[in-house]
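# Chain and residue survey
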Amino acid sequence: MAIDRRREAGGGGRPLPEENGSVPGAGGGGSAAAAPPGPPPANATGAGAEIQAVPVPPPAAACSPLLLDYDGSVLPFLGGLGGRYQRTLVLLTWVPALFIGFSKFSDSFLLDQPDFWCREADGQGNWSGSLAPGHANHSGNGSIFPPPGLPTPAGGNASECDCHEWYYRIRAGLVQNVVSKWDLVCDSAWKVHIAKFSLLVGLIFGHLITGCIADWVGRRPVLLFSVIFILIFGLTVALSVNVTMFSTLRFFEGFCLAGIVLSLYALRIELCPPGHRFMITMVASFIEMAGQFLMPGLAALCRDWQVLQAVIICPFLLMLLYWVIFPESLRWLMATQQFEASKELILQFTHKNRMNTESDIKGVMPELEKEIARRPKKVCIVKVVGTRNLWKNIVVLCVNSLTGYGIHHCFAKSMMGHEAKMAITHNFYADYYTMAGIALASCLAMCPVVGFLGRRGGLLLFMILTALASLLQLGLLNLIGKYSQLPDSGMSDSVKDKFSTAFSIVGMFSSHAVGSLSVFFCAEITPTVIRGGGLGLVLASAGFGRLTAPIMELHNQKGYFLHHVIFACCTLICIICILLLPESKNQNLPENIPDGEHYTRQPLLPHKKGEQPLLLTNSELKDYSGLHDSSAVSDGISENTTANGMKSM
């Protein structure tokens, strides 16, 4: 009250800023209200009169809500997913998933650790094979079940590794791979793990950087430039002259592959209406897994690692045609207020679908004509730091993604036993297809679970299964091991091994679903203007989780138990945090940051009629200080608005 009296006495004053940092009434009626009433002074002539005659520019008007409601107005006007052109574009986002599957799982064949012998010549020039200890008895299966760690230089291993020529037996369908090409065994075996690092680290940096670029320049330029550079770096990998060159080029190959994966994921999400987003994304996942299943046959046909690398990269040549046939994301153009380019693209959609613009019932085109002179408004992912809810949702999903992919390696190692010396099936192909089959079963189970429980409920269920499998494997198996040592227990070690295998399969099944669903969930709740950056963060977190596998290999599995304990604790934290997430099933995608802020959590079970909801409504979000009257709060939600503050379809 004292401040208000001082303002009135002083003829106004500096107004307080609003919540978004802007000054209320700046440049408009607010300045007139701040001036004292009455006619202007008589001596206001000359330069002073000219200054007063200059009109103050009015504040920028808000964009038409009709244009920002893409799922509710623009997409129905274009025919939704029923248009032939839209279906063609969705199909074009599916086709590269097969090539992506080849590239992602190539390490299992290019860097497979083979059996090896030292070839020594006797006095008559005949060769005899000397088996290197600890290497020919394990199942060399690349990145799925990693080989044993580095041999110690002391003792017999030092003498056995003192060899000038090696003989290799590769079980991954190739006659020669990177390990046999440059003799990456014994003292050079650590270079294999560095080569595995290079692709994963390239993917991590690529997701972070290309995600921000996709929000600034668009999805289409990122996709096309990533295709061009993956062709350059990928084909150059096949011409590597040493392992250093191979690892360096693999980093840049992974960087470009990340740009392709991220831009296609965002384009696919932004093309679809709310009811089809999940299934279209899952179809792309199945096609990618088809590449994983076909990879052993492709390796057997190529026989040499250089030919295999070239065959994996060459199909990306087809994507150069996307420069001509694939447009920019219309949703991103509308969200960033690039209305002139949006108008051209809408006309292209109507022409390809053979639609008549007179069917525009809601008046999208007239509103677009009014706003066509508006300047573009692009946003960077760093703006999410100033939000109240959005940054928390993204962080929770990043931690879920990291935990899901990180603990997946722990379960895979448990299938071989804690010593990690021998795979349970003693066969590369059986191990490889076991992992691929578990991933396929996980994706198949996600479809009905997410359809019935929603995104948040499905993620919570799979995280609970992961936590149970992890805790039972850590606690119950140790108890069974101690009990089996008693003389009258009648329990053998085989019982413990069977329990360990069962828990590992359940854990791999559920953790794969957690990682995949976290990425999809983040793509839905992140606003269109920063969707690339949000996807980059959650995909980079998944890459950090995968990176734990070669790190453990490099350290010869030291600290494996602690590694598993840490991720098991993370699963418990994630279960609590998932309850704070909103539900995005059948909801419109948020287009800007205020829309993303309105995605608030709601109870897992809907409240009964007549029961007052305990969570904030849309009107309460505008003033969360609790100063509004209860009568204003009670009228907050309309009949067609959900508790997320978004219109339902």
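Parameters at a glance
- Residue numbers restart at each chain and count upward from 1, following the sequence in its written direction.
- Only residues with pLDDT of at least 70 are given local features in this predicted model, and only at 80 or more are side-chain atom pairs given and counted; all residues enter the totals for whole chains, interfaces and linings.
- Side-chain descriptors were evaluated using all non-hydrogen atoms of the structure, hydrogens and water having been removed beforehand.
- Per the convention used, a helix needs a DSSP run of H or I reaching at least four residues, while a strand needs a run of E reaching at least two, with both numbered from the N terminus.
- Any residue under 20% of the maximum accessible area for its type is buried, any over 50% is exposed, and the rest in between are partly exposed; the area is computed with a 1.4 Å probe on protein chains only.
- Any two residues whose heavy atoms approach within 4.5 Å are treated as being in contact.
- Computed by Shrake-Rupley with a 1.4 Å probe, the accessible areas treat only the displayed protein chains as cover when residues are assessed.
- Aromatic pairing here means that ring centres of Phe, Tyr or Trp (its six-membered ring) are within 6.5 Å. Orientation follows from the plane angle: under 30 degrees is stacked, over 60 is edge-to-face, and everything else is tilted.
- Criterion for a charge above a ring: Lys NZ or Arg CZ within 6 Å of the ring centre, and within 35 degrees of the ring normal.
- For our purposes a nonpolar core is just a set of buried Ala, Val, Leu, Ile, Met, Phe, Trp, Tyr and Cys residues, chained together by side-chain atoms within 4.5 Å.
- pLDDT expresses, on a scale from 0 to 100, how confident the predictor is about each individual residue.
- Patch building starts from residues that exceed 30% relative accessible area and form no salt bridge, then joins like charges within 9 Å and nonpolar side chains (Val, Leu, Ile, Met, Phe, Trp, Tyr) within 5 Å.
- The rule for a salt bridge is simple: a side-chain nitrogen of Lys or Arg has to be within 4 Å of a carboxyl oxygen of Asp or Glu.
- For a helix, the expected span equals 1.5 Å multiplied by the number of residues minus one.
- In the analysis that follows, any N or O atom pair within 3.5 Å is treated as a polar contact, provided that within protein one partner can donate a hydrogen and the other can accept it, and provided that, for residues neighboring in sequence, both atoms belong to side chains.
- By the counting rule applied here, Lys and Arg register as positive and Asp and Glu as negative, while His and the ends of each chain are not counted.
- Working definition for charges: the position is that of NZ of Lys, CZ of Arg, CG of Asp or CD of Glu.
- Every angle, taken between N-to-C directions, lies between 0 and 180 degrees, and every axis is a line fitted to C-alpha atoms, over only the stretch in contact when it is a helix.
- Working rule for handedness: look at the near helix, and if it is turned counterclockwise from the far one by less than a right angle, call the crossing left-handed; if clockwise, right-handed.
- In the scheme used here, Gly and all other residues not listed as nonpolar or charged are polar, with Ala, Val, Leu, Ile, Met, Phe, Trp, Tyr, Cys and Pro taken as nonpolar and Asp, Glu, Lys and Arg as charged.

In terms of regular secondary structure, the chain is built from 27 helices and 3 strands. Counting across all 649 residues of the chain, residues that qualify as buried make up 50%. Restricting to contacts in the chain with at least 6 residues of sequence separation, those with at least 24 account for 80%. For the chain, the accessible surface area stands at approximately 30500 Å², while carbon and sulfur atoms represent 64% of it.

The next subject is the packing of aromatic side chains. The full count for this structure, using the stated rule, is 18 aromatic pairs. Judged by centre distance (5.1 Å) and plane angle (20°), the rings of phenylalanine 233 and phenylalanine 252 are stacked. With phenylalanine 233 in helix H12 (residues 219–237) and phenylalanine 252 in helix H13 (residues 243–271), this pair connects stretches of sequence that are 19 residues apart. Take phenylalanine 233: its relative accessible area is 21%, and that puts it in the partly exposed class. Residue classification places phenylalanine 252 among the partly exposed positions, given a relative accessible area of 34%. Across from the ring centre of tryptophan 323, 5.0 Å away, lies the NZ or CZ of arginine 220, which sits over that ring. Positioned over the ring face of tyrosine 405 is arginine 546, at 4.3 Å from the centre of the ring.

Bringing the nonpolar core into the picture now. The biggest cluster of nonpolar side chains holds 88 residues, and the ones touching the most others in it are Phe109, Phe246, Ile260 and Leu308. Here this core takes 11 residues from H13, the largest share from any one element. Grouped together as the second largest cluster of nonpolar side chains are 49 residues, Leu459, Ile530, Leu539 and Leu581 included.

Residues at a pLDDT of 70 or more form 69% of the chain, whose mean pLDDT is 76. The low-confidence segment residues 617–645, where pLDDT is below 50, has 36 contacts with residues more than four positions distant or belonging to other chains.

Further remarks concern a nonpolar patch on the surface. On the surface, Phe225, Ile228, Phe229, Ile232, Leu317, Leu320, Leu321, Trp323, Val324 and Ile325 cluster together into a nonpolar patch covering about 970 Å² of accessible area. In terms of residues, the nonpolar patch owes the most to one element, H12, which gives 4 residues. Note on isoleucine 228: relative accessible area 37%, which makes it partly exposed.

Position of serine 226 among the secondary structure elements: in helix H12. In sequence terms serine 226 and cysteine 256 are 30 residues apart; their C-alpha atoms lie 4.8 Å from each other. Serine 226 has contacts with Cys256, Gly259 and Ile260, leaving out every residue within four places of it along the chain.

As a further point, take the pattern of salt bridges. The full count for this structure, using the stated rule, is 11 salt bridges. Between arginine 531 and glutamate 270 there is a salt bridge whose closest N-O contact spans 3.1 Å. Taken together, the residues span a long stretch of sequence, with arginine 531 in helix H23 (residues 531–554) and glutamate 270 in helix H13 at a distance of 261 residues. A salt bridge links arginine 277 to glutamate 524; its shortest N-O distance comes to 2.7 Å. Placement of arginine 277 in helix H14 (residues 277–302) and of glutamate 524 in helix H22 (residues 493–525) is noted, with a sequence separation of 247 residues between them. Both residues of the pair, arginine 277 and glutamate 524, count as buried. One network of salt bridges, with partners in common, ties together Asp215, Arg219, Glu270 and Arg531.

This paragraph deals with helix H6 (residues 84–94). Within H6, the full set of buried residues consists of Tyr85, Gln86, Leu89, Val90, Leu92, Thr93 and Trp94. Turning to H6, the residues buried within the fold contact helix H7 (96–104), H13, H14, helix H16 (322–325) and helix H18 (339–352).

Glancing now at H13. Spanning 29 residues, H13 covers 42 Å between terminal C-alpha atoms, matching the ideal 42 Å at 1.5 Å per step. Within H13, 23 of the 29 residues are buried, leaving the element largely enclosed by the surrounding structure. Capping the start of H13 is the job of one residue whose side-chain oxygen sits 3.3 Å from the backbone nitrogen of threonine 244: asparagine 242.

So, on to unusual backbone geometry. One non-glycine residue, arginine 303, adopts positive backbone phi at about 70°. Here arginine 303 shows up in the loop between H14 and helix H15 (305–313). Even without a glycine there, the phi angle at asparagine 586 is positive, about 60°. As for its position among the elements, asparagine 586 is in the loop between helix H24 (560–578) and helix H25 (593–597). When its relative accessible area of 38% is taken as the criterion, asparagine 586 is described as partly exposed.

The next point concerns a positive patch on the surface. A cluster of basic residues, Arg84, Arg87, Lys352 and Arg354, forms a positive patch on the protein surface. As for its position among the elements, lysine 352 is in helix H18.

The interhelical angle for the contact between H7 and H13, taken along N-to-C directions, is 145°, at an axis separation of 11 Å. Taken as a pair, H7 and H13 cross one another with a handedness that is left-handed. Where H7 approaches H13, its residues Pro96, Ile100, Ser103 and Lys104 are matched on the opposing element by Leu257, Ile260, Val261 and Leu264. Considered class by class, the residues forming the contact of H7 with H13 number 6 nonpolar, 1 polar and 1 charged.

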